[in-house]
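This is what each chain is made of:
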Amino acid sequence: MSSQKGHRWFAASYDFLTRSAEQRVLHRLRKRVVGAASGRILELGVGTGANLSYYKSVEHLVATDPDPFMLARARKRAEALNVKVEFHQAPAEAIPFADASFDTVVSTLVLCTVDDQSTSLAEAKRVLKPGGAFRFIEHVRAEGFLGKVQDFLTPAWRWFGAGCHPNRQTTAAFKAAGFEIVELERRPLWLTPLVIGVARPTRLAR
Ligand SMILES: C[S@@+](CC[C@H](N)C(=O)[O-])C[C@H]1O[C@@H](n2cnc3c(N)ncnc32)[C@H](O)[C@@H]1O
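Residues numbered from 1 in each chain as written. Predicted model: local features only at pLDDT ≥ 70, side-chain atom pairs only at ≥ 80, totals over all residues. Heavy atoms only, no water.

Caption draft 1: Highlighting the site of the ligand. In the neighbourhood of the ligand, 20 residues make up the surrounding shell, with Tyr 14, Gly 45, Asp 65, Ala 92 and Thr 108 lying closest. At 2.8 Å from a nitrogen atom of the ligand is found a main-chain nitrogen or oxygen belonging to Ala 92. Contact distances for the ligand include 2.6 Å between an oxygen atom and a side-chain N or O atom of Thr 108. Protein contact buries 95% of the 600 Å² of open area that the ligand shows by itself. Residue composition of the shell around the ligand, by class: 10 nonpolar, five polar and five charged. (Near = heavy atom within 4 Å. Polar contact = N/O pair within 3.5 Å; in protein donor to acceptor, adjacent residues only side chain to side chain. Areas by Shrake-Rupley, 256 points an atom, 1.4 Å probe, with all protein chains shown as cover. Nonpolar A, V, L, I, M, F, W, Y, C, P; charged D, E, K, R; others polar.)

Here's what the structure looks like:
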């Protein structure tokens, strides 16, 4: 559950817990997905700031997270990297910005944890400018038997992972929220496959 109170120990151990995945896979994916973000950028669920060193074409970077312990770590990392970031404590379900105010929204390993995916995606769509891009790296429910294993593990996984669900159908949620997925790659990572891509708000038919 996303809480304004936060998860002190999850935040403190996050970089250690993800180190091996960062080195094996995530580093390369962040470079590609985050490195291509441009213009006015909104990052949802910035966590400890793992993406901050990958931004290249930034006009203005805003980063949000509801967890104050995560935000404190991201702030420190931004300072150490000398990256200019405007931080806000906010959940993806209630983004505190005007309609059509960002060129790019970035979310990496966040839609697994938000309380409400459809509200979060509706909010992201609202703040994106027409033609804007939602760039993502997310882990999702596997197909077949592994998906059933994930379903079984979900209650414990949520507890250990500060609300993370291993079994969400995130690409379907993008489509249901009115996005078109214009780039998509799927690849394995431990028990839970990753989806890496770009989604754009669908144009309304006239
Ligand atoms: C697994 S971490 C990912 C952190 C970072 N994006 C990364 O790629 O390493 C999930 C993050 O989502 C944040 N989060 C939890 N609930 C959220 C919500 N409702 N809206 C936005 N972020 C949320 C958590 O506080 C945490 O920082």
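Caption draft 2: Quick peek at the nonpolar core. Counting residues in hydrophobic clusters, the biggest one holds 25 residues, and the most contacted among them are Leu 42, Val 105, Leu 121, Phe 134, Phe 174 and Phe 179. When residues of this core are traced back to their parent elements, those giving at least two are strand 1 (38-44), strand 4 (102-108), helix 4 (117-127), strand 5 (128-139), helix 6 (170-176), strand 6 (179-187) and strand 7 (194-201). Grouped together as the second largest cluster of nonpolar side chains are 15 residues, Ile 41, Leu 52, Ala 63 and Val 106 included. (Core = buried A, V, L, I, M, F, W, Y, C linked by side-chain atoms within 4.5 Å. Buried < 20%, exposed > 50% of the residue type's maximum accessible area, 1.4 Å probe, protein only. Helix = DSSP H or I, 4+ residues; strand = E, 2+ residues; numbered from the N terminus.)

Caption draft 3: Here's a closer look at the sheet that holds strand 1. Taken in spatial order, the seven strands make up an open sheet running 3-2-1-4-5-7-6, and their pairing is mixed. Of all the strands in the sheet, the pair left with one neighbour each is strand 3 (86-89) and strand 6. Strand-to-strand twist in this sheet, taken as the mean axis angle between neighbours without regard to direction, amounts to 15°. Of the pairings in the sheet, the one linking strand 6 to strand 7 comprises eight bridges and is antiparallel in character. Each bridged residue has a counterpart across the sheet, and for Glu 183 the counterpart in strand 7 is Val 198. Strand contacts of helix 3 (residues 68-81): strand 2 (57-65) and strand 3, with the helix running at about 175° to strand 3, the strand carrying the most contacts. Contacts from helix 4 reach strand 1, strand 4, strand 5, strand 6 and strand 7 within the one sheet, and its direction differs from that of strand 5 by about 145°. (Pairing = 2+ DSSP bridges. Axes fitted to C-alpha atoms, helices over the stretch in contact; angles between N-to-C directions. Contact = heavy atoms within 4.5 Å.)

Caption draft 4: Highlighting the packing of helix 1 (residues 8-17) against helix 3. Taken N-terminus to C-terminus, the directions of helix 1 and helix 3 make an angle of 35°; their axes are 8 Å apart at the nearest point. Facing Arg 8, Phe 10, Ala 11, Ala 12, Tyr 14 and Asp 15 of helix 1, the residues of helix 3 in contact are Phe 69, Met 70, Arg 73 and Arg 77. Here the residues of the contact of helix 1 with helix 3 sort into six nonpolar, no polar and four charged.

Caption draft 5: Region of the structure containing helix 4. Along helix 4, the residues that are buried comprise Gln 117, Ser 120, Leu 121, Glu 123, Ala 124 and Val 127. In an axial view of helix 4, the angular spread of the buried residues amounts to 155°, which keeps them on one side of the axis. Against the buried residues of helix 4 lie strand 1, strand 4, strand 5, helix 6 and strand 6. Where helix 4 begins, one side-chain oxygen reaches toward the backbone nitrogen of Ser 118, 3.1 Å away; that side chain belongs to Asp 116. (Arc of directions from axis to C-beta.)

Caption draft 6: How the structure looks around the pairing of strand 2. Pairing analysis gives six bridges linking strand 1 to strand 2, with the strands arranged parallel. By the bridge assignment for strand 2, Ser 38 is matched with Ser 57. Strand direction decides the pairing type here: strand 2 and strand 3, joined by four bridges, are parallel. Each residue of the ladder has a partner; that of Val 62, found in strand 3, is Glu 86. You can see the chain leave strand 2, run along helix 3 and come back into strand 3, and the turn it takes is right-handed. (Right-handed = clockwise from strand over helix to strand, strands pointing away.)

Caption draft 7: Broad picture of the packing of aromatic side chains. Throughout the structure, instances matching the rule amount to eight aromatic pairs. Connected via pairs of aromatic rings, a cluster forms that spans Phe 134, Phe 136, Phe 174 and Phe 179. Against the face of Phe 102 rests Arg 40, its NZ or CZ located 5.0 Å from the ring centre. (Phe/Tyr/Trp six-rings, centres within 6.5 Å; stacked < 30°, edge-to-face > 60°. Lys NZ or Arg CZ within 6 Å of the ring centre and 35° of its normal.)

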